[in-house]
Amino acid sequence: MRARPALCGLLGLLLSLQGGFARGEDLPGVARADLVAALTAPGAREAIARVAVAEAASQGDSGLLAVVYTIFNRLSDGRWGTSLDQVLNARAQFEPVLRAGGDWRALPAASPVQRARVNTLINLALEGRAPDPTGGALWFQNPRIVAARAAAGQVSARLVHFGGRTPSAVIGDHAFYPAAPVAGTRPTIPLPAQAPAEPEPIFVPRTALEPPAPPASGARGLFVSRDGSLR
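**Points about the packing of aromatic side chains**
Any two aromatic rings considered together are summarised by their centre-to-centre distance and by the angle between their planes. If you walk through the whole model with that rule in mind, you get four aromatic pairs. Between Y69 and F72, the ring centres sit 5.7 Å apart and the planes meet at 75°, which makes this aromatic pair edge-to-face. Placement of both Y69 and F72 in helix α4 (residues 60–77) is noted, with a separation of three residues, approximately one turn of the helix. A single burial state applies to Y69 and to F72, both of which are buried. With a centroid separation of 6.0 Å and 75° between ring planes, the pair formed by W80 and W139 is classed as edge-to-face. Placement of W80 in the loop between α4 and α5 (84–89) and of W139 in strand β1 (residues 139–141) is noted, with a sequence separation of 59 residues between them. With respect to burial, W80 and W139 carry one shared label: buried. For R74, the ring lying beneath its charged end belongs to W80, and the centroid distance is 3.9 Å. Here the guanidinium or amino end of R165 rests over the ring plane of W139, the centre of that ring lying 5.1 Å away.

In structure tokens form, the structure reads like this:
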């Protein structure tokens, strides 16, 4: 049965979380009641499942949980909207959504097994049994891919680690970044005292003149040019 490996993986994740998973926190900055209310909106859990699977299907349950918490953290932050629908459809934030035309509903439906995995992770978070492995992250990227493009002159070196920020967590191929520097670390360039009026993209754009690059393992492939067109 295909469900058995997924169940075993979730059990292993739960055991590791109970043992103290990387900088774990319990739903930081968002009231559980508010999150429960947001999850009762029509299609809310399906929306999270589709986006999490599109972003991190190859990153294991820990990677899926990290994306789920990034969504929760963005909802709590409020800059990307006050509902899960607004957060997930915010312009140029989640690359798979943008590729699908800007609406998560156009993403492929999650399979029953994928939906069950993500729903289990959501429930574990709500029950306080799966703390935030990202340390409150609002952004993530594949730093290896971004660094390679920067070395090739395809993107600014300042985009690597979002301007030299220290990740709050590295899970699989993804590095996760909070709104402020991690305590005890110093970024390589000054960070603004206040959040920018326009929220930063969750993935890294490339310049309008950059030619299409061959896909790399683990890369997310879609970028937004300066004129707003997709490549």
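**Section: the sheet that holds β1**
If you trace the three strands from one edge of the open sheet to the other, you get β1-β3-β2, paired in antiparallel fashion. On the outer flanks of this sheet lie β1 and β2 (169–171), each paired with one strand and no other. Averaged over all pairs of adjacent strands, the angle between their axes in this sheet comes to 25°, without regard to strand direction. In terms of strand pairing, β1 meets strand β3 (residues 174–177) through three bridges, oriented antiparallel. Note that in β3 the partner of Q141 across the bridge is A175.

**A closer look at the pattern of salt bridges**
On inspection of all chains with the given rule, the structure shows eight salt bridges. Of the charged contacts in the structure, one is a salt bridge between D61 and R117, with a shortest N-O distance of 2.7 Å. Pair noted here: D61 is in helix α4 and R117 is in helix α7 (residues 112–126), with a separation of 56 residues, a long-range link. Both residues of the pair, D61 and R117, count as buried. Of the charged contacts in the structure, one is a salt bridge between D77 and R79, with a shortest N-O distance of 2.7 Å. Given the relative accessible area of 32%, D77 is considered partly exposed.

**Thoughts on unusual backbone geometry**
In the Ramachandran plot, A92 falls in the positive-phi region, its phi being about 60° despite a non-glycine side chain. On the accessibility criterion, A92 (12% relative accessible area) is buried. Unlike most non-glycine residues, F162 shows phi in positive territory, near 50°. Along the polypeptide, F162 turns up in helix α9 (residues 161–164).

**Notes on the nonpolar core**
Ranked by size, the top nonpolar core spans 47 residues in total, and within it I48, V51, I71, F72, L84 and I122 carry the most contacts. Among the elements that make up this core, the one with the highest residue count is α4 (nine residues). Among all residues touching I71, those that are not within four sequence positions of it are I48, V51, L84, V87, L88 and F94.

**A short note on helix α8 (residues 143–151)**
Buried residues of α8: P143, I145, V146, R149 and A150, and no others. Summarising the axial view, the buried residues of α8 lie within an arc of 160°, below the 170-degree limit, and thus occupy one face. Following α8 by one or two positions, G153 adopts a phi angle in the positive range, close to 75°.

So, how was this worked out
- Residues numbered from 1 in each chain as written.
- Predicted model: local features only at pLDDT ≥ 70, side-chain atom pairs only at ≥ 80, totals over all residues.
- Heavy atoms only, no water.
- Phe/Tyr/Trp six-rings, centres within 6.5 Å; stacked < 30°, edge-to-face > 60°.
- Helix = DSSP H or I, 4+ residues; strand = E, 2+ residues; numbered from the N terminus.
- Buried < 20%, exposed > 50% of the residue type's maximum accessible area, 1.4 Å probe, protein only.
- Lys NZ or Arg CZ within 6 Å of the ring centre and 35° of its normal.
- Pairing = 2+ DSSP bridges.
- Axes fitted to C-alpha atoms, helices over the stretch in contact; angles between N-to-C directions.
- Salt bridge = Lys/Arg side-chain N within 4 Å of Asp/Glu carboxyl O.
- Core = buried A, V, L, I, M, F, W, Y, C linked by side-chain atoms within 4.5 Å.
- Contact = heavy atoms within 4.5 Å.
- Arc of directions from axis to C-beta.

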